[in-house]
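Structure at a glance
If you want the building blocks of each chain, they are given just below.
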Amino acid sequence: MFILDCKDRRPLHVKIYNQIKNQILSGKLIPNTKLPSIRNLSVELSVSRNTVEYAYEQLYTEGFIYSRPRSGYYVSLLDQEYISRPCRKTATLIEPAFGDGKTFSFDFHPACLSPESFPGKIWSKLLTNCLQENPEQFTLYCDPQGEFDLRYEIQRYLERFRGVSCDPEQIVVCCGLQDSMSILAQILLGNHSAFAFEDPGHWIPRSVFQNYSFLLNPIPVNSDGISLDYLKKTNSTVIHVTPSHQFPLGNVMPVENRLRLINWAENVGGVIIEDDYDSELRYHGKPIPALQGLHPEGDIIYVGTFSKVLSPALRASYMVLPYRLLSIYNKLFRNYAATVSLLEQRALYKFMRQGYWERHLRKMRTMYKKKHDALIQSIDRHFGDQVKILGQGAGLHVVLELANGFLDEKDLISRAWEKNVRMLPLSDTYQCKNYYPTRVMLGFGRMNPDELEKGIELLSQAWNL
Ligand SMILES: Cc1ncc(COP(=O)(O)O)c(C=O)c1O
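- The name given to the chain in an unreviewed UniProt entry is GntR family transcriptional regulator, and the organism recorded there is Anaerosporomusa subterranea.
- Quoted verbatim from the Sequence similarities (unreviewed entry) heading of the UniProt record, the comment on the chain is "In the C-terminal section; belongs to the class-I pyridoxal-phosphate-dependent aminotransferase family."

Here it is, written out as structure tokens:
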């Protein structure tokens, strides 16, 4: 985009010439980029065509641009030595997350899905249907809370498969965990000031609530979920939990503790945020119903996502607000715009409505179960009793605990890297850094059973087990 500085008193064509020349020299306009046509640029800048023509002629004469017959002007390829690299004016350079930027042959990332799992053909058919059937709907803003049809389908699914009891009116369509957490932090800010969360746990809820100035209270996780005795000693009145599959350790909160947690919330006027992020993927035994279903009238917010079974790239998730909080949501957010595009929402609605979602769920559960079982067998084969597996039987990852005396997490991961195997540090999920240094996360979503076997074999070599 070109902007003419009105304080600059030089002639207009010189100002245009200078701007384009500077952008070419600074590398902002890269070789072979097409310049706007003389007519378009003159309209854009509200100057005469002659003015733009003068500027282009000058650039052409000096070799900054070249012309293609019946096409227009393009940026010339200049000697790289004389062109400065575009410099980013970022305040601080943030280090890339572990392993980002490097490609690995074996990827144990805990949140990556199987490469061939996305139903691309069906999705593209549904997208096309949405576009053809009612193109007019894309000329309007859509419901900020999410399309009603989609919320209706989500409600039916939650009631049937997760034991969540709610109306479609209570559902808010969000674009992922950080979106839902930001909305919640703003809703809760008026009446609450301290936020409790599982430690270890997902880093997004605590970051978001901290950004809204909540005091943070990390609560240690035990085999029954969080330590309720610890929670009661804090001043928190809001808690984020993953009761059906604790992230990242995989524990299930038994019903007795769920009821005690609900009781705690009632006593302190508190709010429970139940994050049911991967409950679709349970491979053995019956699915564990949501905590929300135990007390639907209570202040329990249920949060779910399409990231684990369908796609983390679509950025589609949802939450169920109790009616009391829904009225605050309506006051605060009625003038906001939707965060998930109408096209995606309509496609998702059709995906659920036409039975593809249920079929896809079954298919994914079968596929990930195979991968899960293959991983467990490979671990048994290569590591035997030198390791303990935590959190197996659900989700897309397990935690491996190595017997004491082995390398610590940093060494374990860097040795894996040397073998071209990617793993993410479990310590990132801890707020208090008193983590077990000999535990690592192993995601099994990305690789097929043969690759999982090879990956585990490479790890056993890397770690000399
Ligand atoms: C605990 C937890 N909650 C929620 C999510 C899903 O987040 P999103 O909906 O932003 O993809 C994840 C994904 O890994 C998770 O681990």
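**Quick look at the domain arrangement of the chain**
- With domains assigned, the chain is organised as domain 1 (12-82), domain 2 (106-112 + 359-462) and domain 3 (120-354).
- Spacing between the C-alpha centres of domain 1 and domain 3 amounts to 51 Å.

**Quick look at the pattern of salt bridges**
- Using the criterion set out here, one finds 17 salt bridges in the structure.
- The shortest N-O distance in the salt bridge between Arg156 and Glu153 comes to 3.9 Å. Of this pair, Arg156 and Glu153 both sit in helix α5 (residues 148-162), three residues apart, which is roughly one turn of that helix.
- Here Arg381 and Glu453 are joined by a salt bridge, their closest N and O atoms 2.9 Å apart. Of this pair, Arg381 sits in helix α12 (residues 356-383) while Glu453 sits in helix α14 (residues 449-462); the two residues are 72 residues apart in sequence, bridging distant segments of the chain.
- Residue Arg381 is classed as exposed on the basis of its relative accessible area of 55%.
- Among the ionic contacts, a cluster of salt bridges with common partners joins Asp143, Arg151 and Arg334.

**As for the nonpolar core**
- In terms of nonpolar packing, the biggest core is built from 62 residues, with Phe108, Ile379, Leu459 and Trp463 touching the most fellow members.
- Top contributing element to this core by residue count: α12, with 10 residues.
- If near-sequence neighbours (up to four positions away) are discounted, Phe108 is found in contact with Leu375, Val421, Arg422, Met423, Met441, Leu442, Gly443, Met447, Leu452, Gly455, Ile456 and Leu459.
- Grouped together as the second largest cluster of nonpolar side chains are 27 residues, Leu177, Leu184, Ile204 and Phe209 included.

**Considering the pairing of strand β6 (residues 215-222)**
- In this sheet, β6 lies alongside strand β5 (residues 194-199) in parallel orientation, the contact comprising six bridges. Pairing of Asp199 across the sheet is with Pro220, part of β6.
- Between the parallel pair β5 and β6, the chain is carried across by helix α7 (residues 203-211), and the sense of this crossover is right-handed.
- Looking at chain direction, β6 and strand β7 (residues 225-226) are connected through two bridges and run antiparallel.

**Brief notes about the UniProt feature "domain: HTH gntR-type" (unreviewed entry) in the chain**
- Under the UniProt annotation, "domain: HTH gntR-type" (unreviewed entry) lies at residues 10-78.
- The span residues 10-78 carries 51% helix and 12% strand; its end-to-end C-alpha distance comes to 27 Å.

**Things to note about the side chain of Glu147**
- For Glu147, the location among the structural elements is in the loop between α4 (120-133) and α5.
- The contact partners of Glu147, leaving out residues within four places of it in the chain, are Cys142, Leu342, Gln345 and Arg346.

**Some remarks on the layout of surface pockets**
- Considered as a void within the structure, the second largest pocket measures approximately 320 Å³ in volume.
- Contributing elements (two or more residues each) for the lining of the second largest pocket: β6 and β12 (387-390).
- With four residues, β6 is the single largest residue contributor to the lining of the second largest pocket.
- Taken together, the residues of the lining of the second largest pocket break down into 12 nonpolar, three polar and four charged.
- Shared between two domains, the lining of the second largest pocket holds at least three residues of each, these being domain 2 (106-112 + 359-462) and domain 3 (120-354).

**A few points about the site of the ligand**
- Residues in close proximity to the ligand include Gly176, Leu177, His202, Phe247, Asp275, Tyr277, Thr305, Ser307, Lys308 and Arg315, which together make up its full environment.
- A distance of 2.9 Å is found between an oxygen atom of the ligand and a side-chain nitrogen or oxygen belonging to Lys308.
- Between Arg315 and the ligand, the recorded distance is 2.7 Å, taken from a side-chain N or O atom to an oxygen atom.
- Contact with the protein chains covers 90% of the free accessible surface of the ligand, which is 390 Å².
- The class makeup of the residues in the shell around the ligand is three nonpolar, four polar and three charged.

**Considerations on the packing of α12 against α14**
- Relative to each other, α12 and α14 sit at 30°, their axes nearing to 9 Å. In this view, α12 runs roughly parallel relative to α14, as classed from their interaxial angle. Along this stretch, α12 crosses α14, giving a crossing that reads as right-handed. Between α12 and α14, the contacting residues are Lys371, Ala374, Leu375, Ser378, Ile379, Arg381, His382 and Phe383 on the first element and Pro449, Leu452, Glu453, Ile456, Glu457, Leu459 and Ser460 on the second.

**Points about the environment of Arg381**
- Measuring from C-alpha to C-alpha, the distance between Arg381 and Thr51 comes to 76 Å, with 330 residues separating the pair along the chain.
- Polar contacts involving the side chain of Arg381 include one to the side chain of Glu453, which spans 2.9 Å.

**Quick look at the sheet that holds β12**
- An order of β12-β13-β15 is seen for the three strands of this open sheet, with the pairing classed as antiparallel. On the outer flanks of this sheet lie β12 and β15 (439-443), each paired with one strand and no other. Each strand axis lies, on average, 30° off the axis of its neighbour in the sheet, ignoring direction.
- Pairing between strand β13 (residues 397-402) and β15: five bridges, direction antiparallel. From the neighbouring strand, Val399 faces β15, where its bridge partner is Met441.

**Thoughts on the environment of Ile122**
- Along the chain, Ile122 turns up in helix α4.
- On the accessibility criterion, Ile122 (28% relative accessible area) is partly exposed.
- Each C-alpha atom, one on Ile122 and one on Ala347, is 9.6 Å from the other, the two residues being 225 residues apart in sequence.
- Beyond its immediate chain neighbours, meaning those up to four positions away, Ile122 contacts Phe351 and Tyr356.

**Describing helix α10 (residues 323-333)**
- The set of residues buried in α10 consists of Leu325, Leu326, Tyr329 and Phe333. In an axial view of α10, the angular spread of the buried residues amounts to 105°, which keeps them on one side of the axis.
- Turning to α10, the residues buried within the fold contact β4 (171-174), α6 (177-188), β9 (271-275) and β10 (300-305).

**As for the side chain of Ser311**
- Within the fold, Ser311 resides in the loop between β10 and β11 (317-320).
- Not counting residues within four places of it along the chain, the set of residues in contact with Ser311 comprises Leu113, Phe118 and Phe306.

So, how was this worked out
Every residue gets a number counted from 1 within its own chain, in the order that chain's sequence is written. In keeping with the predicted nature of the model, local features appear solely for residues at pLDDT of at least 70, side-chain atom pairs appear and are counted solely at 80 or more, and the whole-chain, interface and lining totals rest on all residues. Hydrogens and water molecules were not included; the side-chain quantities draw on all heavy atoms of the structure. UniProt positions are given in the numbering used here, feature names are shortened, and annotations may be inferred rather than shown by experiment. Domain ranges listed in this record stem from an automatic or a database domain assignment. Just to be clear on terms, a salt bridge is a Lys or Arg side-chain nitrogen sitting within 4 Å of an Asp or Glu carboxyl oxygen. Counting from the N terminus, the helices are the DSSP runs of H or I reaching at least four residues and the strands are the DSSP runs of E reaching at least two. Note on classification: 1.4 Å probe, protein chains only; a residue is buried when its accessible area is under 20% of the maximum for its type, exposed when over 50%, partly exposed between these limits. For the purposes of this section, nonpolar cores are sets of buried Ala, Val, Leu, Ile, Met, Phe, Trp, Tyr and Cys residues that join through side-chain atoms within 4.5 Å. Every residue pair with non-hydrogen atoms within 4.5 Å of one another is taken to be in contact. The rule for pairing is simple: two strands pair if DSSP sees at least two bridges between them. Consider the strands pointing away from the viewer: the crossover is right-handed when the path from the first strand over the helix to the second runs clockwise. Only protein atoms enter the 1 Å grid used here. Points where a 1.4 Å probe fits but cannot escape make up a cavity, open sets with protein on both sides within 12 Å along at least five of seven lines make up a pocket, and a residue lines them when an atom lies within 4 Å of a point. Grid points are joined across faces, edges and corners, and a volume is the space filled by probe spheres set on the points. Gly counts as polar in this scheme, as do all residues outside two lists: the nonpolar Ala, Val, Leu, Ile, Met, Phe, Trp, Tyr, Cys and Pro, and the charged Asp, Glu, Lys and Arg. Proximity criterion: a residue is near a molecule or strand once any of its heavy atoms comes within 4 Å of it. Any pair of nitrogen or oxygen atoms within 3.5 Å is treated as a polar contact; in protein, a donor-acceptor pairing is required on top of that, and neighbouring residues in sequence qualify only through side-chain atoms on both sides. The method behind every accessible area is Shrake-Rupley, applied with a 1.4 Å probe, and residues are considered shielded solely by the protein chains displayed. Lines are fitted to the C-alpha atoms to define the axes, a helix being fitted only along its stretch in contact, and any angle between axes, read from their N-to-C directions, falls within 0 to 180 degrees. Roughly parallel means an angle under 35 degrees; roughly antiparallel, over 145; roughly perpendicular, 65 to 115; everything else is oblique. Helix crossings fall into two classes, left-handed where the near helix is turned counterclockwise from the far one by less than a right angle and right-handed where it is turned clockwise. Think of it as the arc spanned by the lines of direction from the helix axis to the C-beta atoms.

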